[in-house]
Amino acid sequence: MSYPDPRYHGEKGEISASFRPAGTPAELTAPNGTRTHYLATTASTGGEFGLYRVDMPPEAGGPATHFHRTISETFFVLDGTVRLYDGDRWIDAVKGDFLYVPTGGLHAFRNDSGEEASMLMLFAPGAPREEYFEMMPAFASMTDDERAEFFLKHDTFWTD
């Protein structure tokens, strides 16, 4: 395995890093209190990846089993206990635990504990997941056809 072909062709490098202080407020707070921090979006990484911090209140639940056809998804637990489904079994993941789900891999996650939980979610290559997160509260009011079109647009295929 080798490095990818160069994409930067300058000779001296450039000042192009972006810094986000830890205290930056979440971009999105869901009705259940889950806060999503847009750490690195597809737009900000040129499509390379998307990185989000998800802070879940106690017993926040989570999505049912699903898979993606175009992106992989990775989970890294920062704090608390997050139940992660690896396609075969549910795992009570704790601080420092990591789960990589390749493209097509079945997965799910949830916070069923009585404590807050926080994790990083990485999508690669990048995908515009912000609209997906922002529209979650509207799922219940969508027609079946609207919901099916939305999930297809956002590469989410449910198995339950």
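Residues numbered from 1 in each chain as written. Predicted model: local features only at pLDDT ≥ 70, side-chain atom pairs only at ≥ 80, totals over all residues. Heavy atoms only, no water.

1. Description of the packing of aromatic side chains
Put simply, the rule is: Two rings from Phe, Tyr or Trp (for Trp, the six-membered ring) form a pair when their centres sit within 6.5 Å of each other. Planes less than 30 degrees apart are called stacked, planes more than 60 degrees apart edge-to-face, and all others tilted. Only protein chains enter the calculation, and the probe is 1.4 Å; a residue is then buried if its accessible area is under 20% of its type maximum, exposed if over 50%, and partly exposed in between. Strands here mean DSSP runs of E at least two residues long; helices mean DSSP runs of H or I at least four residues long; both are numbered from the N terminus. A ring is scored as having a charge over it whenever the NZ atom of a lysine or the CZ atom of an arginine sits within 6 Å of its centre and within 35 degrees of its normal.
One pass over the full model with this rule turns up 15 aromatic pairs. Look at Tyr 85 and Trp 90: their rings are 5.2 Å apart centre to centre, the planes differ by 35°, and that puts the pair in the tilted class. Taking relative accessible area as the criterion, Tyr 85 reaches 16% and is therefore assigned buried. Between the aromatic rings of Phe 123 and Phe 133, the centroid separation amounts to 6.5 Å while the plane-to-plane angle is 50°, which identifies the pairing as tilted. Here the residue Phe 123 occupies a position in strand β10 (residues 117-124), and Phe 133 occupies one in helix α2 (residues 129-135), the gap between them amounting to 10 residues. Through successive ring pairs, a cluster of aromatic residues spans Tyr 38, Tyr 52, Phe 123, Tyr 132, Phe 133, Phe 139, Phe 150, Phe 151 and Trp 158. One residue, Arg 69, lies across the ring of Phe 157, its end atom 4.1 Å from the ring centre. Stacked on the ring of Tyr 132, the Lys or Arg Arg 129 has its end atom at 4.4 Å from the ring centre.

2. Here we look at the pattern of salt bridges
Our working definition: Throughout this description, the term salt bridge denotes a Lys or Arg side-chain nitrogen within 4 Å of a carboxyl oxygen of Asp or Glu.
With the rule as written, the count across this model stands at 10 salt bridges. A salt bridge links Glu 131 to Lys 153, with the shortest nitrogen-to-oxygen separation between them at 2.9 Å. One end of the pair, Glu 131, is in helix α2; the other, Lys 153, is in helix α3 (residues 144-153), with 22 residues separating them in the sequence. The network of salt bridges with shared partners includes Arg 83, Asp 92, Arg 110 and Asp 112.

3. So, the side chain of Thr 34
Here is the rule: Between two residues, a contact is recorded if the distance between any of their heavy atoms is within 4.5 Å.
Note that Thr 34 resides in the loop between β1 (28-29) and β2 (35-40). Dropping the residues within four chain positions of it, Thr 34 is found in contact with Leu 28, Thr 29, Val 54, Asp 55, Met 56, Pro 57 and Ala 60.

4. Details of the environment of Ala 108
Position of Ala 108 among the secondary structure elements: in strand β9 (residues 108-110). Looking at Ala 108, the relative accessible area reads 0%, which means it is buried. Taking C-alpha positions, Ala 108 is 35 Å from Ser 16, a pair spaced 92 residues apart along the chain. Residues contacting Ala 108, with those up to four places away along its chain left out, are Pro 63, Ala 64, Thr 65, Arg 83, Leu 84, Tyr 85 and Trp 90.

5. Things to note about the sheet that holds β1
As a reminder of what qualifies: Should DSSP find at least two bridges between two strands, the strands are taken to pair.
Strand order in the open sheet formed by six strands is β1-β2-β3-β10-β5-β8, and the pairing between neighbours is antiparallel. What marks the edges here is a single partner per strand, and that holds for β1 and β8 (98-101). Summarising the sheet, strand β3 (residues 50-56) and β10 pair through seven bridges and their orientation is antiparallel. Note on β10: the bridge partner recorded for Leu 51 is Leu 122.

6. Quick notes on the nonpolar core
Convention followed: Put simply, buried Ala, Val, Leu, Ile, Met, Phe, Trp, Tyr and Cys residues joined by side-chain atoms within 4.5 Å make one nonpolar core.
Grouped together as the largest cluster of nonpolar side chains are 26 residues, with contacts concentrated most on Met 56, Phe 75, Val 82, Phe 109, Met 119, Met 121 and Phe 133. Elements with a contribution of two residues or more to this core: β3, β5 (72-79), β6 (81-85), β8, β10, α2 and α3. With residues near it in sequence (within four places) discarded, Val 82 still touches Met 56, Val 77, Ile 91, Asp 92, Ala 93, Phe 109, Arg 110, Ala 117 and Met 119.

7. Notes on the sheet that holds β9
Sheet strands line up and pair through hydrogen bonds in the backbone, either parallel or antiparallel. The condition that has to hold: Helix axes are fitted to C-alpha atoms over the stretch in contact, other axes to C-alpha atoms as well, and angles between N-to-C directions run from 0 to 180 degrees.
Spatial strand order, β7-β6-β9: three strands in an open sheet with antiparallel pairing. Of all the strands in the sheet, the pair left with one neighbour each is β7 (90-94) and β9. Direction aside, neighbouring strands of the sheet carry axes that sit 25° apart on average.

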